[in-house]
Amino acid sequence: MALLLGLLAMVFVAVDLLPGDAALATGERGAGAGEVARRRAELGLDRPVLERFWEWMTGLVRGDLGVSARGVPVLELVGGAFPNTLLLGGAALVLTGAGAVVLGGWAAVRAGGVVDRIVSGAATVVLALPEFVVAVVLVLVFALWTGWLPAVTIAGADGRPASWDMLVLPVLALTIPQIGWNVRIVRAALADEAREPHVEAAVLDGLSPYRVLLRHVLPGALPAIVTGLATSTGVLLGGAVAVEVVFNYPGIGSVLASAVADRDAPLIAGVTALAGAAITLVLLSADLVRDALSGGRR
């Protein structure tokens, strides 16, 4: 909680240090000095930044995220976009988990072999790729060269993507780098668990490698795998900002990009607070799942 509080304070201070302010960014073009000064007073920009931050925090305690520089409630702006980002991040998280377990398990069964080296090497390569680079390559290949998938997202009347195929490229752009990270975690967790006496006994009993993996190795490695996936949540939400801008996806990335352009500290802080709350909830859930799985083994 203290870390999130410090982060929110840094948001207000950082925005205050940027060139220009919300009065200039959102005011009428060519407005005179008097009009800009009136606009600054209206937005409270004539007051010290820490005073504005404290006022915003007192509203946050009551569930009020304030009003954006354009006069729209922050909760309305973020509330409309955040479910889309959760859909994008949730789909990427599920795909990441499934892909990491399959590839990590495949490498573990072929430990030390060609498959293990290829999977581990490929995981290291994709781990180093930023999400926006992956997004650009996917657009180039699947939208411009082949025309199989749309390059941009069009929102329907309900504010959601108009068709499911518009989710494919954004989800893949988020998933590919995170699969690299989680494959390494899965592979290491399976290797650690494979050294346990009960696993060695199963091997000596003549069970097939895949049966040993599924029945004896994977259950014991699940707590570490769940923890690794949980730590990916923050990276997925952070990467979603860049990916959503590339694909014109109607999520918090687009809202955040507009907020930075408008020097809109309450809106940026509102996005940060909700993202922090979502990450905290996922980490707490992961801890509970990990404890339950570990308890089951005892």
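Structure shown above.
Here the structure is a predicted model, which means the values were calculated and not measured.

**Q** So what exactly am I meant to see when it comes to the nonpolar core here?
**A** Side chains that are nonpolar tend, in soluble globular proteins, to be buried together. Leu 8, Phe 12 and Trp 56 are the most contacted members of the largest nonpolar core, which totals 27 residues. Among the secondary structure elements, those contributing two or more residues to this core are helix H1 (2–17), helix H4 (49–61), helix H5 (74–109), helix H11 (252–261) and helix H12 (265–297). It is H12 that contributes the most residues to this core, 8 residues altogether. If we ignore the near neighbours within four places in the chain, the residues touching Leu 8 are Phe 53, Trp 56, Met 57, Leu 60, Ala 269, Thr 272 and Ala 273. One finds Val 134, Leu 169, Ala 173 and Ala 240 within the second-largest nonpolar core, a separate group that totals 18 residues.

**Q** So what exactly am I meant to see when it comes to the environment of Ala 128 here?
**A** Within the secondary structure, Ala 128 sits in the loop between helix H6 (114–127) and helix H7 (131–145). Ala 128 gets classed as exposed once you look at its relative accessible area, which sits at 62%.

**Q** Would you take a moment to explain the side chain of Thr 272 for this structure?
**A** Relative to the helices and strands, Thr 272 is located in helix H12. Taking relative accessible area as the criterion, Thr 272 reaches 18% and is therefore assigned buried. When residues no more than four places from it in sequence are discounted, the contact partners of Thr 272 are Leu 4, Leu 7, Leu 8 and Val 11.

**Q** How should I be thinking about the environment of Leu 283 in this particular structure?
**A** Checked against the element boundaries, Leu 283 lands in helix H12. Leu 283 sits in the partly exposed class, given a relative accessible area of 35%. Taking the C-alpha atoms as reference, Leu 283 lies 22 Å from Glu 131; in sequence the two are 152 residues apart. Discounting residues that sit within four places of it in the chain, Leu 283 has contacts with Ala 230 and Thr 231.

Basis of the calculations
- Residues numbered from 1 in each chain as written.
- Predicted model: local features only at pLDDT ≥ 70, side-chain atom pairs only at ≥ 80, totals over all residues.
- Heavy atoms only, no water.
- Core = buried A, V, L, I, M, F, W, Y, C linked by side-chain atoms within 4.5 Å.
- Buried < 20%, exposed > 50% of the residue type's maximum accessible area, 1.4 Å probe, protein only.
- Helix = DSSP H or I, 4+ residues; strand = E, 2+ residues; numbered from the N terminus.
- Contact = heavy atoms within 4.5 Å.

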